[in-house]
Amino acid sequence: MKLTHEQRIQLHGFNNLTKSLSFNMYDICYTRSKEERESYIAYIDEQYNSERLTKILNDVSDIIGAHVLNTAKQDYVPQGASVTLLVSEGPIVEVPTESFEESPGPLPNSVVMQLDKSHITVHTYPEYHPDEGISTFRADIDVSTCGEISPLKALNYLLHSFDTDIMTIDYRVRGFTRDIYGDKLFIDHDINSIQNYIPKEEASLYDMIDVNIYQENVFHTKCKLKQFDLNNYLFGYTKDELTQMEQEEITSRLKSEMDEIFYGKNIRS
């Protein structure tokens with residue numbers, strides 16, 4: 001049964017449900033040489049260093065109404081970075097009605113909810129193919145909350161924070177809480193699909209696949225860009241500098257790489 005804001009279930013004590021969002025994004029680039037690959041990875045490390053990632057996670061904490069207790073961050077050698085925020089209940093106690101709707105969350109301009117005993121993490125993984133042809137960048141972000149809000153409300157902002165070709169998004173509600181009569185509640189909000197938390201204009205850019213296990217409160221969505229422009233995957237030059245045969249070969253390799261990541265398996269032609 002779908003509850004309105006006024007009909008919210010009264011709980012016995014604090015909301016003990018744990019809601020976890022895992023957002024994994026991939027950026028793919030074609031690099032013709034070791035020098036291009038090193039330049040691409042240096043660019044990624046600069047764009048997504050621990051300082052910028054910390055800013056992104058602090059914005060996420062504002063969106064979900066968290067108070068940051070501790071920040072741990074690290075830039076790795078030769079590449080990659082990690083940031084972890086330990087967060088607790090934020091200062092806002094009024095619950096907005098839109099928090100109960102399947103809709104995209106806000107961009108970072110207001111604190112909207114409260115939570116406790118939670119964390120937000122990000123890890124980056126620059127990677128490349130042994131023959132130098134394909135370089136990829138992956139960022140894994142996890143937002144875990146206890147309380148009434150779903151971390152899916154941070155998804156809209158995360159989509160705007162990363163240039164992504166492919167996304168895999170997982171959402172799971174774990175544990176249980178109790179109402180005032182002692183009955184267990186294993187989820188406290190309606191959800192049909194993670195796609196409902198992605199703005200329509202963003203969703204229209206991607207092909208999407210859902211794999212949901214409703215009885216287990218497990219939701220999974222994969223997204224891959226529909227449009228392919230080779231110029232977006234070349235680092236430091238355009239396709240006009242390539243022969244037609246080179247364009248076709250590189251396009252084939254890039255699309256194959258994207259399909260393998262999207263479907264989660266090696267594809268041999």
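Here the residue numbering is sequential within each chain, running from 1 through the sequence in written order. Per-residue local features are limited, in this predicted model, to residues with pLDDT of at least 70; the limit for side-chain atom pairs, both in listing and counting, is 80 or more; totals at the level of whole chains, interfaces and linings are taken over all residues. By convention in this description, side-chain values take in all heavy atoms of the structure and omit both hydrogens and water.

## Considering the environment of Ser22
Reasoning step 1: Each helix corresponds to a stretch of at least 4 residues labelled H or I by DSSP, and each strand to a stretch of at least 2 residues labelled E; elements are numbered beginning at the N terminus. Position of Ser22 among the secondary structure elements: in strand β1 (residues 18-30).
Reasoning step 2: Spatially, the C-alpha atoms of Ser22 and Arg172 are 8.9 Å apart, while their sequence positions differ by 150 residues.
Reasoning step 3: Definition of a polar contact: a pair of N or O atoms within 3.5 Å, with one able to donate and the other able to accept a hydrogen when the atoms are protein atoms, and with sequence-neighbouring residues admitted only if both atoms are side-chain atoms. Side chain to side chain, Ser22 and Asp142 meet in a polar contact 2.5 Å long.

## As for helix α5 (residues 244-263)
Reasoning step 1: Taking 1.5 Å of rise per residue, 20 residues should cover 28 Å, and α5 covers 28 Å from first to last C-alpha, within 8% of that figure.
Reasoning step 2: Burial in α5 covers these residues: Gln247, Ile250, Thr251, Leu254, Glu257, Met258, Glu260, Ile261 and Phe262.
Reasoning step 3: Gly264 sits one or two residues past α5 and shows a positive phi near 70 degrees. By this rule the span expected of a helix is its residue count minus one, scaled by 1.5 Å. Burial classes follow relative accessibility: with a 1.4 Å probe on protein chains only, a residue under 20% of its type's maximum area counts as buried, one over 50% as exposed, and anything between as partly exposed.

## Things to note about the pairing of strand β6 (residues 166-174)
Reasoning step 1: Paired strands, in this sense, are two strands between which DSSP finds at least two bridges. Two elements, β1 and β6, share nine bridges in a ladder whose sense is antiparallel. Note on β6: the bridge partner recorded for Leu21 is Tyr171.
Reasoning step 2: Bridging between β6 and strand β10 (residues 218-225) involves seven bridges; their strand directions are antiparallel. Considered in β10, the bridge of Ile166 is made with Lys224.

Bear in mind that shape data such as this cannot, by itself, settle questions of function.
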